[in-house]
Amino acid sequence: IAELSSAFGYVADDRKIRAVVLRGAGGNFCAGGDLRQFADAEGQPPKTIADSPHYKGSLQLSRLMHDINASPAVVIGAFEGATLGAGFGFACVVDIAIACDDAVFGITGNMFGVPPGPIIPFVVQRLGLPLARRLALSGIKLGARDAFALGLAHHLTMDAAGLDKKIEAVLADVHRCAPGANRVTKELLLQSQSLPAEQMFELGANAFARALHGIEVKEGTTAFFDKRPPRWSEE
């Protein structure tokens with residue numbers, strides 16, 4: 001959690017970073033919390049719950065999910081093998097999700113007596129309350145094709161080699177978009193979840209007008225009429 005928080009803090013501060021690929025290792029994305037740690041957690045209770053290291057760790061995880069969700073860069077999730085517990089939360093905060101055919105998704109904490117508190121807001125925002133209820137309260141696991149059918153995954157691949165190729169293809173798609181326009185658009189998308197319509201109209205019009213008076217539109221339209229890729233796609 002600390003390492004990922006540091007990495008996404010770096011991404012937020014560096015406008016040159018346009019995309020981030022979030023992927024696991026060894027054939028799995030993230031299998032969730034350490035059950036041995038959960039089993040050993042009972043022990044002597046703290047004076048207040050705020051003193052619990054598990055409370056503090058949970059808050060850190062929620063803040064990490066928020067930072068990934070709000071990252072100004074486009075975040076691409078590459079999911080294979082186990083994508084469970086907190087791993088499912090990561091799937092809910094990326095912008096574009098690619099799932100290998102062997103990926104298994106699930107909110108499984110309740111099966112072990114651990115409610116998925118840190119990821120709940122992001123699961124509900126991503127999937128809607130009815131589907132979030134079904135998944136979180138039953139602990140069922142979804143295959144990659146189920147996740148694709150529900151819209152949790154946007155692309156499917158057959159194997160790890162296909163996952164590599166699809167990552168490259170999605171990165172190429174992202175790089176065809178103007179970096180400044182992508183940042184503004186992502187911010188507007190996130191704001192649309194909480195701001196009233198009239199305020200969103202104002203923000204959208206402001207962003208649109210500023211872009212037309214900016215430098216990216218000149219390069220983008222010139223490249224179109226010259227029948228060449230825009231310069232930012234080659235950076």
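Model, not experiment: these values are computed from the prediction. (Residues numbered from 1 in each chain as written. Predicted model: local features only at pLDDT ≥ 70, side-chain atom pairs only at ≥ 80, totals over all residues. Heavy atoms only, no water.)

### Examining the pattern of salt bridges
Tallied over the entire structure, the rule returns eight salt bridges. Two residues, Asp164 and Arg23, come together in a salt bridge whose shortest N-O distance is 2.6 Å. Here Asp164, found in helix 8 (residues 160–176), pairs with Arg23, found in strand 1 (residues 19–23); they are 141 residues apart in sequence, far enough to count as distant. Classification of Asp164 as partly exposed rests on a relative accessible area of 38%. Among the residues examined, Arg23 registers a relative accessible area of 31% and is labelled partly exposed. Between Glu219 and Arg228 there is a salt bridge whose closest N-O contact spans 2.8 Å. In the salt-bridge network here, residues are joined through shared partners; they are Glu219, Asp226, Arg228 and Arg231. (Salt bridge = Lys/Arg side-chain N within 4 Å of Asp/Glu carboxyl O. Helix = DSSP H or I, 4+ residues; strand = E, 2+ residues; numbered from the N terminus. Buried < 20%, exposed > 50% of the residue type's maximum accessible area, 1.4 Å probe, protein only.)

### Some remarks on helix 6 (residues 129–138)
Residues of helix 6 that are buried include every one of Leu131, Ala132, Leu135 and Ala136, and no others. Looking straight down helix 6, one finds its buried side chains confined to an arc of 115°; they lie on one side. Exposed residues on helix 6 whose side chains face more than 90 degrees from its buried face are Pro130, Arg133 and Leu137. Contact partners of the buried residues in helix 6: helix 4 (86–93), helix 5 (120–127) and strand 6 (141–143). Directly after helix 6, the chain includes Gly139, whose backbone phi takes a positive value near 70°. (Arc of directions from axis to C-beta. Contact = heavy atoms within 4.5 Å.)

### Quick notes on the nonpolar core
If you look at the biggest cluster of nonpolar residues, it comprises 37 residues, and the most contacted ones within it are Ile68, Phe88, Phe105, Val123 and Leu152. Excluding anything up to four places from it in sequence, Phe88 contacts Thr83, Phe105, Gly106, Ile107, Val123, Leu127, Leu135 and Leu152. Of all hydrophobic cores here, the second largest spans ten residues; its members include Ala78, Ile98, Leu163 and Leu171. (Core = buried A, V, L, I, M, F, W, Y, C linked by side-chain atoms within 4.5 Å.)

### A few points about the side chain of Arg18
Along the chain, Arg18 falls in the loop between helix 1 (2–13) and strand 1. Only 2.9 Å separates the side chain of Arg18 from the backbone oxygen of His175, close enough to count as a polar contact. (Polar contact = N/O pair within 3.5 Å; in protein donor to acceptor, adjacent residues only side chain to side chain.)

### Details of the packing of aromatic side chains
Enumeration over the complete set of coordinates arrives at four aromatic pairs. Following the ring pairs from residue to residue traces out a cluster consisting of Phe29, Phe79, Phe90 and Phe105. (Phe/Tyr/Trp six-rings, centres within 6.5 Å; stacked < 30°, edge-to-face > 60°.)

### So, the sheet that holds strand 1
Neighbouring strands of a sheet are bound in pairs by backbone hydrogen bonds; such pairs are parallel or else antiparallel. The sheet built from four strands is open, its strands ordered 1-2-4-7 with parallel pairing. Only two strands of the sheet have a single neighbouring strand rather than two, namely strand 1 and strand 7 (155–157). Averaged over all neighbouring strand pairs, the angle between strand axes comes to 20°, with direction disregarded. Alignment of strand 1 against strand 2 (residues 74–79), held across five bridges, turns out to be parallel. Looking at the pairing, Val20 lines up with Val75 of strand 2. (Pairing = 2+ DSSP bridges. Axes fitted to C-alpha atoms, helices over the stretch in contact; angles between N-to-C directions.)

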